[in-house]
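# Structure assessment
Spelled out, the chains give:
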Amino acid sequence: MNYLPFSLRDFNHKSIADFSSVIHAAPSKKIGLIVQGGGQRGIFSAGVLDSFLDHQFDPFELYIGTSAGALNLSSFISRQPRFGYHFIRDVSMNDQFFNLYKYLSKQQPMNLDWALQQVSPSGLYPLDVVTAHKTLLHRTALACATRKDTLQDYYLPMYQQDWREVLLASCAIPLLYNQPVNMNDLQWVDGGVSAAIPVKEAWRRGADLVVVIRTEPLENSDKGSSDNHERGIFDDWRENVETQLPYYIDKLSLNESVDKIKTIHQELSQRFEQWRQHYWEDEDSNEDNTAIKSKVLTRKSWFSQMNIERLLQLTGQGTNSEILEMLARYHRTYQDVNNFLVNPPQGLQVIQIAPEKTLNSSALLSSYEDLELDYQQGKQIGEQFVTSFSQLLNQKTSLMQHLRDK
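On a predicted model such as this, the values are computed, not experimentally measured, just so you know. (Residues numbered from 1 in each chain as written. Predicted model: local features only at pLDDT ≥ 70, side-chain atom pairs only at ≥ 80, totals over all residues. Heavy atoms only, no water.)

### Some details on the overall build of the chain
- Counting its regular elements, the chain contains 18 helices and nine strands.
- Looking at the chain as a whole, 56% of its 406 residues are labelled buried.
- Taking as baseline every contact in the chain between residues at least 6 positions apart, the subset at least 24 positions apart corresponds to 78%.
- When the accessible surface of the chain is summed, it comes to about 17800 Å², and 47% of that surface belongs to carbon and sulfur atoms. (Helix = DSSP H or I, 4+ residues; strand = E, 2+ residues; numbered from the N terminus. Buried < 20%, exposed > 50% of the residue type's maximum accessible area, 1.4 Å probe, protein only. Contact = heavy atoms within 4.5 Å. Areas by Shrake-Rupley, 256 points an atom, 1.4 Å probe, with all protein chains shown as cover.)

### Points about the nonpolar core
- By size, the foremost hydrophobic cluster in this structure holds 77 residues, and its most contacted members are Leu33, Phe52, Phe385 and Phe389.
- Of the residues forming this core, the biggest block, eight residues, is contributed by helix 17 (residues 368-396).
- Not counting residues within four places of it along the chain, the set of residues in contact with Phe389 comprises Leu4, Phe6, Ile16, Phe19, Ser20, Ile23, Phe57 and Ile351.
- Counting 24 residues, the second-largest nonpolar core is a separate cluster that includes Ala196, Val210, Val337 and Ala354. (Core = buried A, V, L, I, M, F, W, Y, C linked by side-chain atoms within 4.5 Å.)

### What about helix 8 (residues 163-171)?
- Counted residue by residue, helix 8 has seven buried out of nine residues, so it is predominantly covered.
- Turning to helix 8, its buried residues number three or more, namely Trp163, Val166, Leu167, Leu168, Ala169, Ser170 and Cys171.

### A few points about the environment of Ser74
- Here Ser74 is to be found in helix 3 (residues 68-77).
- Considering only alpha carbons, one finds Ser74 and Tyr159, 85 residues apart in sequence, at a separation of 8.1 Å.
- In this structure, Ser74 is in contact with Leu127, Met158, Tyr159 and Leu167, ignoring residues within four places of it in sequence.

### Notes on the pattern of salt bridges
- One pass over the full model with this rule turns up 12 salt bridges.
- Of the charged contacts in the structure, one is a salt bridge between Asp18 and Lys14, with a shortest N-O distance of 2.9 Å. Of this pair, Asp18 and Lys14 are both found in helix 1 (residues 13-25), four residues apart, which corresponds to roughly one turn of the helix.
- With relative accessibility at 32%, the residue Asp18 sits in the partly exposed group.
- Relative accessible area serves as the criterion here: at 58%, Lys14 is assigned to the exposed category. (Salt bridge = Lys/Arg side-chain N within 4 Å of Asp/Glu carboxyl O.)

None of the figures reported here should be taken as evidence of function without further support.
Below, the structure is given as structure tokens:
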């Protein structure tokens with residue numbers, strides 16, 4: 001047995017016992033921890049990791065995170081419980097970080113620089129770099145980012161001198177963050193474009209067991225298709241705009257006319273419609289794009305599966321060709337990694353910790369009540385995981401050999 005789904009819905013004592021018996025039979029395990037992104041949905045992951053910290057549970061020799069997952073890992077490595085909770089609840093909910101009205105009216109994009117300033121030594125929520133370095137004495141921590149020119153995933157060491165640039169590169173959602181991220185003479189975009197769940201990198205680096213923290217239920221991710229999102233991504237986004245825009249105008253005391261609000265909404269809808277029509281044009285109408293389009297033949301079903309936050313993560317400010325390439329890259333790698341997770345190669349075991357159903361929060365524009373509910377669910381499933389596996393994994397981790405040799 002080499003794959004185990006772990007959620008409040010999937011909790012099964014017999015499956016856990018069978019899976020544990022395989023771990024117990026091995027002499028030792030190099031254990032990796034993988035944390036998916038998801039914007040404000042990362043508060044679920046923050047809850048799981050806080051449960052780990054509460055019990056001083058960390059048998060992991062390798063950490064890899066993407067986007068918000070890298071930020072959550074940062075606080076886990078620096079041993080700062082509730083850091084992720086406060087970053088999402090206080091920083092990412094602040095209008096200085098993202099304001100829907102100002103974004104739609106092209107006054108201000110997502111202010112990722114301001115957000116990361118809050119976790120710097122002079123910020124409101126500084127990360128404990130000294131403790132992080134101690135934690136990483138016998139461990140490796142990596143943040144996934146995507147090279148903009150090749151759309152290839154790269155894994156950048158965390159908590160080195162360029163720690164801020166690494167986090168910026170991993171979290172730079174193309175459409176929302178429109179500033180270039182330059183590092184090592186290259187430009188970078190959000191790691192989710194190329195590796196939303198970077199489990200293969202952990203396997204390439206010798207992990208025998210990986211624990212993956214997801215921000216989406218396994219019923220949507222593992223089956224490769226879903227009937228839960230039939231309405232389509234464009235309608236969902238328009239509805240989200242209609243719901244949230246009046247709130248922002250009221251909150252900011254803006255005396256904007258109804259006509260102006262309607263104009264912004266109409267222009268946004270038209271841009272999405274034009275983009276969709278271009279993307280759905282006949283396969284043979286443009287010979288140069290045939291190769292790209294052939295990789296996304298299932299795009300209509302894909303659009304019905306995707307949520308609006310994923311579109312925001314994948315579209316960019318460049319040409320339609322660049323957008324197509326990003327979408328094709330994400331689609332190909334995302335489907336592939338989900339198949340890899342539920343059918344891992346021989347010698348690799350996978351546990352996926354996930355919410356029991358779609359989280360209440362969104363990637364952006366969540367309510368405080370929804371964030372609290374999702375954080376508590378993460379705490380609860382984290383507690384269950386520690387109860388089920390802490391003793392066994394603490395015994396079997398190959399870190400014990402490093403500590404004995406120290």
